[in-house]
Protein chains: 2
Amino acid sequence: MRSVILTLTCFLSAIILVHAQDLKSPDGDLNMHFELNANGTPTYQLTYKNKQVIKTSTLGLELKNDDKSLMDDFTVSKTENGVFDESWTPVWGEEKSIRNHYNELAVTLTQKETERVMVIRFRMFDEGLGFRYEFPMQNNLVYFTIKEEHTQFAMAGNHTAFWIPGDYDSQEYDYTESKLSEIGSKFDAALTDNASQEQFSKTGVQTALMMKSDDGLYINIHEAALIDYALMNLNLNESTLTFESWLTPDAQGDKGYLQAPCTSPWRTVMVSDDARDILASKMTLNLNEPCAIEDTSWIKPMKYIGVWWEMITGKSSWSYTNDFPSVKLGETDYDKATPNGTHAANTPHVKSYIDFAAKHGFDGVLVEGWNEGWEDWFGQSKDYVFDFVTPYPDFDVEAIHDYAKAKGVKMVMHHETSSSVRNYERHLDTAYQFMNKYDYPAVKSGYVGDILPRGEHHYGQWTINHFQYAIEKAADYKIMVNAHEAVRPTGICRTWPNLIGNESARGTEFQAFGGSKPNHVTLLPFTRLIGGPMDYTPGIFEMDIAKLNPNNNSHVNSTIANQLALYVTMYSPLQMAADLPEHYNQFMDAFQFIKDVAMDWDESVYLEAEPGRYITVARKEKGSDNWFVGNVNGVDPRTSKITLDFLDKGKTYEAIIYADAKNAHYKTNPQAYTITKKKVTNKTKISQLSAPGGGYAISIMEVK
Amino acid sequence: MRSVILTLTCFLSAIILVHAQDLKSPDGDLNMHFELNANGTPTYQLTYKNKQVIKTSTLGLELKNDDKSLMDDFTVSKTENGVFDESWTPVWGEEKSIRNHYNELAVTLTQKETERVMVIRFRMFDEGLGFRYEFPMQNNLVYFTIKEEHTQFAMAGNHTAFWIPGDYDSQEYDYTESKLSEIGSKFDAALTDNASQEQFSKTGVQTALMMKSDDGLYINIHEAALIDYALMNLNLNESTLTFESWLTPDAQGDKGYLQAPCTSPWRTVMVSDDARDILASKMTLNLNEPCAIEDTSWIKPMKYIGVWWEMITGKSSWSYTNDFPSVKLGETDYDKATPNGTHAANTPHVKSYIDFAAKHGFDGVLVEGWNEGWEDWFGQSKDYVFDFVTPYPDFDVEAIHDYAKAKGVKMVMHHETSSSVRNYERHLDTAYQFMNKYDYPAVKSGYVGDILPRGEHHYGQWTINHFQYAIEKAADYKIMVNAHEAVRPTGICRTWPNLIGNESARGTEFQAFGGSKPNHVTLLPFTRLIGGPMDYTPGIFEMDIAKLNPNNNSHVNSTIANQLALYVTMYSPLQMAADLPEHYNQFMDAFQFIKDVAMDWDESVYLEAEPGRYITVARKEKGSDNWFVGNVNGVDPRTSKITLDFLDKGKTYEAIIYADAKNAHYKTNPQAYTITKKKVTNKTKISQLSAPGGGYAISIMEVK
């Protein structure tokens, strides 16, 4: 499956002691200037088409229990330049082939007093800059503890930012749009509650951080290849408008335990004067290592439904009984317990989902709440919460397996860990073996609540090491992973394509917890999706949650057309149709798009994009001539104008356009949509109104 | 193997609201008085033959994040009395059958304001009192976090104590003998360095704490059945001479996460006017649950030698190469590394140990340093240190397995975890499977250095949960465990008899690290061994360590006769002959005792005992008529006088007496011993001089 076509690799080594050097992008638009300052501190700055993007910013790391940090007193002992250009084929993705093209500068720094060596490696792509710290094997720097990484990003102006609060444990926030200088004053209002959360600064924000300058530059700061290192947040100095890295600490407040030879993750700055370039960039993937899995034939995109939304809305329960104030696995006798009557993961009900999946061509059915332990799973700092293999009395694993198999549907496993990481690792082999036995190809894992070991955070080095362990061990068992509440991705799916999804942001579930902002989905592709696909769980058709649960007044801030568009705009090899079968049965004509839409692509063309306002993208189905277009819109009504010039010249296609009705509105009239069919060619122009919180979806099939 | 003969069980329930009640020992010598004080705080006091042992002391627990702790405002809502008397057969032990005989009082307390229920259960044996806190299932107390347990032990006088500093991570201290009132002033002098240690108070001490009152009472405070709870230290209030429990905190400073229904460990106070009763008591075992292992046929006592002392003394190395500043498993290429020439765990050398073991009838050979990773294993807070299955290039697992098998010797596995607990748990199944494959029946595990997860302690609830996990998982694989640097035992070997040993105190290795006090071994049976057997690794014949390593000036503070006696006085089903074969070859006549001495017993008779001064014990070999006697002596020369009245009447035996020579001395003349043979009967009296730091050992075989 994996082929790498190396078209040109050329490294030029220069043993010249220069204290300053420039690095340009292949197209010449970007220029990075590296320089050691008078203190021997490394600095860099970045321009795009001669406009300043990053002003002079310092680099370095502060060490713990060390008189001398890696902050200053450096000399340049070597610089190496290179050019790299290859194309590689992803196992799944937005494109059939991905070009990895950059110019490189590696600066070897030697600290005069300590003779310690640190390399800063810069890679300049057309879309932006990546750089990282490298620590070669040496005698004077072997084991070291990071007190803080001090990587600066000095912004050149008071940009507009689309940000969420920096946090050690939660990424599930709505985005706030403000000037950089307003972050501090708007910080508290940007906070919403979560099962586990801890902010560190009123000017702390998360990456990927999307910004727009007054002169029209789109700037995005994130990281790539976060392996065995703490996640980076950014903290803003409001007076200088300089961001600085702020790593996630461990239980002792330390920020990283390193052993040379090793490297930091890549720090990335993407820049363009066209917002579509940010969405189209594959820089984050390219900064990750090639695929580490030899045989990837078992990794397949999936479209699935699930016994899930009914619990999220409060219509049903994960738990089986209300008999006990608490339960203990292996001690609580569920067979003697009174069923609570609301437990959704029961065999007949699951079979009805399997029937629906089979009827409408879904690959899989997820079932949550199938296993013992849900009565007190959450918020108790409970160690032994689940064993991941023991079903409730009313969930017949064997019968469900047989039934699904006969219907040609795969079951999707659910492992809620309750953030009890040790407990999950103890059961991981058994749990994966159980999945192999009953033919579950993928697992949705969850990390709700505070991490155990207590004091650790979701995004500290310890827990990040765990997430990676779970992915790599899953690969041993040929299992695909969709981890929720895990660290936001940083392109690791290139190396481990069995990581087919993550939540790691505010997903659709929050539409049942009070709602998300209507323009949320016009921001996620600029932020969360920079690192990899999201299991956003779209496809909600019933926006009034009270119809499912009279005690829940939440409203889904989206139109049905917007929900359909998400299958195209939110790229993911894993897509759920999250609503209840009975709701789809009410709108079977609209549901047709969810049935038709592809999961994997040969080509993607970003047609329109403006963060917080709108995104329109067209994608060509893998191995077919079918195209699918999606448009999502922010709070203001807007007419999207696109040309279908991506279609093959000379061919005629039938387009089915699922759009907002004229009077549609995410709040007042979300279910008003129109479906129109028409013949189109590569000359066709489409002008389509999208409602507030609306959008449209188009399927385009060749007429043969 | 396991049989329980229940001779009498009788529980009398009394639903009477009494606020005070007494509980006597079966023989009537001990009396505990329970009473709620005016604040509704539970209190107890203890007398022995009408002498006060524990003055009125309060009981209770302080909770975290809770307005109301479990300290006061209680009423007695129920009391239950009972009598229990059964005998049970241990899988291995000092006795063929153990009698478990106690009177019980269970006081159910209800907190008035909160309606929370807590039971304090007291069990009174002839040798002492055990009590614990129990939290039944209830609605108002489900999950709770212990800020501190406040269990008091108010001493009735300024006793002489034999103590080591309270510590969250180390038990490897020499004992200090002082008045209670002197603990604070002698605390700093009692400290010695360790790879991981943290004290909490200048008046903090460890249990088992041995004391002697001025009026001749021997008092011992410890705990039993430490499961899923933090280890207890004791902190002394010097003005009131009251000890109070001081639990080991977690990384956040919390002391325990509990979920009702659950219990605390037992807190034990043993009392007698004869020190021998403390040594002979099986109270700690009796307070543990019966054996949890169905088939125990694979659990067998072992006598072993090992490739170990030569590394401890610095003669050889665990590591294979000096090439690298650090190593990474899977990345470091050991095949290309230069051997350092000192690596002891090489195939020919191990074979020579197997030869020696086979020749002299040893069951096993331990080899440390056999696996990759020892170059930088220690003190680096390194996560992935060992994988427990990859041998060094010069250690041929397969060949050594075949060679040992052909010689009828079992190899003993070594798992040094470097306290990287997560890493060990990740590899545990694979490591145990590797042991099964190569027929290793037992593992010596080690926990040197600070615990990972960082911030956790060796004796916190988190790590104690791990030690238990490793024991129980080992049982699944029919593996015996001998855990070093693990928490000191509390009788858990009754429930899990595959826990055949622990270090968990200052072992023989310290004789190569500067030496231990010559009376150390007259204290360990009163302290460390109260909870279970110790892998003390006796049998050192060459006391001048410089003869092994010119750079090590340490001296073994013991005579050869003392070393031999340890095989009897330090009861353990696992006994090492720790010195090098070449040293045994020099003293083959003395070595004969180590070859002859039994590992498992039908009967044990404590003949003489005084903590810090001397211990003399006779034991009858399991399933035979052979007896073995051991005497260890403190710093003053002493003549031990014993009568062999434990021998069968009318029979004649041959005794071989291995004793100190007249001029022997632990420091100046440790290798001077005499061996005499004589016929003995049950009327024989023996009067034998033991040198300072000396002792004697006797084997007694029937003449047929």
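Residues numbered from 1 in each chain as written. Chains lettered and ligands numbered in written order. Predicted model: local features only at pLDDT ≥ 70, side-chain atom pairs only at ≥ 80, totals over all residues. Heavy atoms only, no water.

**A word on the overall build of chain A**
Quick reminder of the rule: Secondary structure counts use DSSP, requiring at least four H or I residues in a row for a helix and at least two E residues in a row for a strand, with both numbered from the N terminus. Each radius of gyration is computed over the set of C-alpha atoms, and the globule rule expresses the reference value as 2.2 Å times the number of residues to the power 0.38. A 1.4 Å probe rolled over the protein chains alone gives each residue an accessible area, and that area as a share of the maximum for its type sets the label: buried under 20%, exposed over 50%, partly exposed in between. Contacts between residues were defined by any pair of non-hydrogen atoms, one from each residue, lying within 4.5 Å. Reported accessibility uses the Shrake-Rupley method at a 1.4 Å probe radius. Residues are deemed covered only where the shown protein chains occlude them. Just so you know, the count uses Lys and Arg for positive and Asp and Glu for negative, and it drops His and the chain ends. Here the site of a charge means NZ on Lys, CZ on Arg, CG on Asp, or CD on Glu.
Broken down by element type, chain A carries 11 helices and 37 strands. For 704 residues, the compact-globule estimate of 2.2 N^0.38 gives 27 Å, and chain A sits close to it at 25 Å. Judged by the C-alpha coordinates and their principal axes, chain A covers about 75 × 65 × 50 Å. A buried classification covers 67% of the 704 residues belonging to chain A. Within chain A, residue pairs in contact and separated by at least 24 positions form 72% of the contacts whose partners lie at least 6 positions apart. As presented, chain A carries roughly 23200 Å² of accessible surface, and 47% of it is formed by carbon and sulfur atoms. Across chain A, the mean location of the 65 positive side-chain charges is 6 Å away from that of the 93 negative side-chain charges.

**So, the relation of the copies chain A and chain B**
To keep it simple, the criterion reads: Superposition of the copies used a least-squares fit over C-alpha atoms from residues whose pLDDT is at least 70 in both.
Rotating chain A by 180 degrees and translating it 0.0 Å along the rotation axis places it on chain B, where the RMSD comes to 0.0 Å. What the rotation and shift describe, once combined, is the action of a two-fold rotation axis. The position closest to the rotation axis in chain A is occupied by the C-alpha of Ala-251 of chain A, lying 3.2 Å away. Comparing contact sets, 100% of the residues at the interface of chain A also lie at the interface in chain B, consistent with an isologous, same-surface contact.

**What to know about the interface of chain A and chain B**
A common way to express how large an interface is: the accessible area buried when the components associate. The following threshold applies: We define buried area as the total accessible area lost by two parts upon association, computed with a 1.4 Å probe and summed across both. Think of a salt bridge as a Lys or Arg side-chain nitrogen and an Asp or Glu carboxyl oxygen that are within 4 Å of each other. Pairs of N or O atoms within 3.5 Å make up the polar contacts considered here, provided that, within protein, one atom can donate a hydrogen while the other can accept it, and that residues adjacent in sequence are counted only when both atoms are side-chain atoms.
With 34 residues of chain A at the interface, the matching set in chain B holds 34 residues. Between chain A and chain B the total buried area reaches about 3200 Å² when both faces are included, carbon and sulfur atoms providing 53% of it. Linking chain A with chain B are two salt bridges, by the criterion used here. Between Arg-426 of chain B and Glu-425 of chain A there is a salt bridge, with the nearest N and O atoms lying 2.7 Å from each other. At the boundary of chain A with chain B, the tally comes to 24 residue pairs in polar contact (both at pLDDT 80 or more). Counting residues per element, the ones that place at least two in the side of chain A that touches chain B are β20 (256-259), α7 (421-437) and α8 (461-476) of chain A. Element by element, the count of residues in the side of chain A that touches chain B is highest for α8 of chain A, at four residues.

**Quick look at the environment of Ile-675 of chain B**
All names here are of chain B. Tracing the sequence through the fold places Ile-675 in strand β35 (residues 673-680). A residue is classified by how much of its surface remains accessible, and Ile-675, at 30% relative accessible area, is partly exposed. A C-alpha to C-alpha distance of 46 Å links Ile-675 and Asp-376, two positions 299 residues apart in sequence. Apart from residues no more than four positions distant in its own chain, Ile-675 is found in contact with Asp-589, Ala-590, Ile-656, Ile-657 and Tyr-658.

**Points about the packing of aromatic side chains**
Cut-off, in case you're wondering: Under the pairing criterion, centres of Phe, Tyr and Trp rings, with the six-membered ring standing for Trp, must be within 6.5 Å; the plane angle then separates stacked pairs below 30 degrees from edge-to-face pairs above 60, leaving the rest tilted.
Under the defined criterion, the tally for this structure stands at 78 aromatic pairs over all chains. Between the aromatic rings of Phe-593 of chain A and Tyr-658 of chain A, the centroid separation amounts to 5.2 Å while the plane-to-plane angle is 65 degrees, which identifies the pairing as edge-to-face. Pair noted here: Phe-593 of chain A is in helix α11 (residues 588-596) and Tyr-658 of chain A is in strand β34 (residues 653-660), with a separation of 65 residues, a long-range link. With a centroid separation of 4.8 Å and 85 degrees between ring planes, the pair formed by Tyr-447 of chain B and Phe-467 of chain B is classed as edge-to-face. Here Tyr-447 of chain B is found in the loop between β26 (442-446) and α8 (461-476), whereas its partner Phe-467 of chain B is found in helix α8, with 20 residues between them in sequence.

**Description of the sheet that holds strand β37 (residues 695-702) of chain B**
By definition, the strands of a sheet pair up through backbone hydrogen bonds, in either a parallel or an antiparallel sense. Residues and elements named next belong to chain B. Our working rule: Between any two strands, at least two bridges found by DSSP are needed for them to pair. Helix axes are fitted to C-alpha atoms over the stretch in contact, other axes to C-alpha atoms as well, and angles between N-to-C directions run from 0 to 180 degrees.
One open sheet accounts for six strands, arranged β30-β31-β32-β37-β34-β35; its pairing is antiparallel. This sheet does not close on itself; its edge strands, each paired only once, are β30 (601-610) and β35. For this sheet, the mean inter-axis angle between neighbouring strands, taken without regard to orientation, is 15 degrees. In terms of strand pairing, strand β31 (residues 614-621) meets strand β32 (residues 627-633) through seven bridges, oriented antiparallel. By the bridge assignment, Val-617 is partnered in β32 with Gly-630. Those strands touched by helix α9 (residues 560-569) are β30, β31, β32, β34 (653-660), β35 and β37, and its axis lies near 125 degrees from that of β32. Lying over the sheet, helix α11 (residues 588-596) contacts β32, β34, β35 and β37, oriented at roughly 125 degrees with respect to β34.

**Focus: the packing of helix α5 (residues 347-360) of chain A against helix α6 (residues 397-407) of chain A**
Residues and elements named next belong to chain A. Operational definition: Reported orientations rely on four angle classes, namely roughly parallel under 35 degrees, roughly antiparallel over 145, roughly perpendicular from 65 to 115, and oblique for the rest. Handedness of a helix crossing follows the sense of rotation of the near helix relative to the far helix, less than a right angle counterclockwise being left-handed and clockwise being right-handed.
At a minimum axis separation of 10 Å, α5 and α6 run at an interaxial angle of 15 degrees. Classed by the angle they form, the pair α5 and α6 counts as roughly parallel. Relative to α6, α5 is oriented so that their crossing is right-handed. In this structure, α5 uses Thr-347, Val-350, Lys-351, Ile-354, Asp-355 and Ala-358 to contact α6, whose residues at the interface are Ile-400, Tyr-403, Ala-404 and Lys-407.

**Side note on unusual backbone geometry**
Residue and element names in this part refer to chain A. Cis peptide bonds are those with omega within 30 degrees of zero, and the linkage from Ala-260 to Pro-261 qualifies with 0 degrees. Counting through the fold element by element, Pro-261 comes out in the loop between β20 and β21 (262-263). Of note, the bond from Leu-452 into Pro-453 is cis; its omega dihedral lies within 30 degrees of zero at 15 degrees. Here Pro-453 lies in the loop between β26 (442-446) and α8.

**Focus: the environment of Ala-442 of chain A**
All names here are of chain A. The topology assignment puts Ala-442 in strand β26. Spatially, the C-alpha atom of Ala-442 lies 41 Å from that of Glu-62, the residues being 380 residues apart in sequence. Contact partners of Ala-442, with chain neighbours within four places excluded, come to Met-302, Val-412, Met-413, Met-435, Met-480 and Ile-500.

**As for α8 of chain A**
Counted only if it meets this: Between the first and last residue of a helix there are one fewer steps than residues, each counted as 1.5 Å, and that sum is the expected span.
Under the 1.5 Å per step criterion, the end-to-end length of α8 of chain A is 23 Å for 16 residues, consistent within 8% with the ideal 22 Å. Two residues or fewer past α8 of chain A, Lys-478 of chain A is found with a positive phi of approximately 55 degrees.

**Considerations on the side chain of Gln-259 of chain A**
For Gln-259 of chain A, the position within the fold is in strand β20. Among the residues examined, Gln-259 of chain A registers a relative accessible area of 12% and is labelled buried. Engagement of the side chain of Gln-259 of chain A in a polar contact is seen with the side chain of Ser-326 of chain B, the distance being 3.0 Å. Filtering out sequence-adjacent residues up to four positions away, Gln-259 of chain A remains in contact with Val-142 and Tyr-143 of chain A together with Ser-326, Val-327, Lys-328, Asp-376 and Lys-382 of chain B.

**Quick look at the pairing of strand β22 (residues 266-272) of chain A**
Residues and elements named next belong to chain A. Of all seven residues in β22, seven are buried; the element is thus mostly enclosed. Side-chain alternation along β22 places Trp-266, Thr-268, Met-270 and Ser-272 on one buried face and Arg-267, Val-269 and Val-271 on a second face that is also buried. As judged from the four bridges shared by strand β10 (residues 128-135) and β22, these two strands associate in the antiparallel manner. Along β22, the bridge assignment pairs Gly-128 with Met-270. Note: strand β17 (residues 218-224) against β22, seven bridges, orientation antiparallel. Across the sheet, residue His-222 finds its bridge partner in β22, namely Thr-268.

**Examining α9 of chain B**
Residue pairs spaced three or four apart in an α-helix point in one direction, given the helix's 3.6 residues per turn. A large share of α9 of chain B lies buried, amounting to 10 of its 10 residues. Turning to α9 of chain B, its buried residues are Ile-560, Ala-561, Asn-562, Gln-563, Leu-564, Ala-565, Leu-566, Tyr-567, Val-568 and Thr-569 of chain B.

**Some thoughts on the confidence of the model for chain A**
Residues and elements named next belong to chain A. Let me state the cut-off plainly: pLDDT measures how confident the predictor is about each residue, on a scale from 0 to 100.
Averaged over every residue, the pLDDT of chain A is 96; the share at 70 or more is 97%. Note that pLDDT drops below 50 for residues 1-16; the model gives that stretch 42 contacts with residues more than four away or on any other chain. Prediction confidence for the complex, expressed as pTM and ipTM, is 0.96 and 0.94 respectively.

**A few points about the pattern of salt bridges**
All names here are of chain A. Tallying each qualifying case throughout the model produces 80 salt bridges over all chains. Lys-473 is paired through a salt bridge with Asp-429; the nearest N and O atoms lie 3.2 Å apart. Here the residue Lys-473 occupies a position in helix α8, and Asp-429 occupies one in helix α7, the gap between them amounting to 44 residues. Its relative accessible area of 14% is what places Lys-473 among the buried residues.

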